[in-house]
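Residues per chain, in single letters:
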Amino acid sequence: MLIIDAHLDMAMNAVEWNRDYTCSVQELREREIEKNLTDKRDRGKGTVSLPELRKGKIGLVVATQLARVTERGSAFDGWYSPAQAWAMTQAQLAWYQAMTDLGEMVQITDYEGLTKHLELWQNASIPDETKPVGFILSLEGADSLVNLSYLEKAYGYGLRALGPAWYGPGRYASGTATTDGLTAAGKDLLREMDALGMILDATHLTDKGFDEALAIYKGTIWASHHNCRTLVPHQRQLSDEQILRLAERGAVIGGALDAWMMAPGFLQRQSDPKEFGVTMDKLVDHWDHICQLTGNSLHVAFGTDLDGMFGREQSPYDLDTISDLQKYQDLLRNRGYSTTDIENIFHKNWLRLLTNTWK
C-alpha cells in the first residue's frame, strides 16, 4: 500500500551527516562503522535511504530544509547569523536538485504534479525500485529566512510548507523547550505565507505560539510530526484541546517514531527503547487516541521523523529501516482498524489535505 511520510530530514543527513542516500541503509551503516565515526550519536544506526523508501512503497515524502540561528552562549547548536543559516538551507536545496537531476527524486509543487506522480506510483507495471521518490519541500524553523523577502525566494524554488519554530528560541517563533510565542516578524511571516497559499506546520510551536498561529492563519495547517500529550506528557506533544482544534481546521497529524515521543519517561539520547518497551505498536496507541478523540480516522497519518538526529538507538526496537512502515497494515488491523481506515492513515489523509489546498 502506498505510504506518504510527512517529515524526513533527508538533505540534512546528506549534507551534514555525509550520507549518500542513494545507497542501501546497510551500506550507509557499514561505511560509518568502518570509519569509526563518533561525531554523531546515531552513526552506524541510520534507518532511511532512497532504496528503502522504494522498498517500503513510500512514494511521497515531505522533505525538509533546516538551519537554526543561535545567539552567543545559547545551549542550542546553530549558525551565528541568518545569512549563514540561509546558506546551509541552500546547500540542502542543491542536494534535492541534484537528486532530481539524477532521476532519484522529483519535486511536487502543485496539484498537477501530485496527480502525475500518484499515477506513476499506482502503475503496477513499472517496478517500484525504478520510480523516483516524490518530495514536497518544507522549512523546519524559519530562522534562515534573512527577512520576509526570502520567503518569496523560497516559494519560487518550490517551498510549499513551513514551520516557524524548532527547538529553543527562534527569530520568528519560540519552539520546543520554551514558552514564548510568535515574534512580530513571525506574525508577519504567517500573513505572507497565507497570501502565498502555503501550508503552515504547527509542529514545535509552544502553546502560546499555537494559539497565536491558529488565530492569525486562515489557510491550510498540518502538524507534520506530533504525538499525544495525554499519553506522553511534554510540551512537545499535542494536548487533546489542540488536537480537536486542528481537526476542526481539517488538519492532519503525522505520527512520529522518535522513542522519546512514544513512551513516558524516555530520555532523549539516554534511554534504551527496549527497556521502555517502545515497539512500533506504540505509535498505534497515539493514533488511536486521536481517532477516539475525533471520532474518525481522518486526522492521523505518518510523519515519522526517522533519521531526524537519531537512529535505531532512539527508534522502536522492532524497526530496522523505514521500509518496515508497511508492517502497520497488520498492526492496525490487529487493533480493529478497517482497510478504509488504513488507507486513510497510509496516504489518503495527506492526499485529501494536499488536494483541498492545491486544487
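Keep in mind that this is a model prediction, so the values were computed, not measured.

Novice: With reference to specific residues and values, describe unusual backbone geometry.
Specialist: One non-glycine residue with positive phi stands out, namely Ala-177, at about 80°. Here Ala-177 is to be found in the loop between strand S5 (159-163) and helix H7 (184-196). Look at Ala-177 and you get exposed, because its relative accessible area is 59%. Even without glycine at this site, Asp-307 takes up a positive phi of about 60°. If you trace the backbone, Asp-307 turns up in the loop between strand S9 (300-302) and helix H11 (328-334). Given the relative accessible area of 0%, Asp-307 is considered buried.

Novice: I'd like to hear about the packing of aromatic side chains, residue by residue, with values.
Specialist: The geometry of an aromatic ring pair comes down to the distance between the two centres and the angle between the two planes. In the structure shown here, the tally under the stated rule is 12 aromatic pairs. Taking the centre distance of 5.1 Å and the plane angle of 80° together, the rings of Trp-287 and Phe-302 count as edge-to-face. Of this pair, Trp-287 sits in helix H10 (residues 281-294) while Phe-302 sits in strand S9, placing them 15 residues apart in sequence. For the pair shown, Trp-287 and Phe-302 are each scored as buried. An aromatic cluster of three or more residues is present, and its members are Tyr-21, Trp-95, Tyr-96 and Phe-135. Lys-153 extends its terminal NZ or CZ atom over the ring of Tyr-150, reaching a point 5.0 Å from the ring centre. Above the face of the Tyr-155 ring, Arg-160 is positioned so that its terminal group lies 3.9 Å from the ring centre.

Procedures and definitions
Residues numbered from 1 in each chain as written. Predicted model: local features only at pLDDT ≥ 70, side-chain atom pairs only at ≥ 80, totals over all residues. Heavy atoms only, no water. Helix = DSSP H or I, 4+ residues; strand = E, 2+ residues; numbered from the N terminus. Buried < 20%, exposed > 50% of the residue type's maximum accessible area, 1.4 Å probe, protein only. Phe/Tyr/Trp six-rings, centres within 6.5 Å; stacked < 30°, edge-to-face > 60°. Lys NZ or Arg CZ within 6 Å of the ring centre and 35° of its normal.

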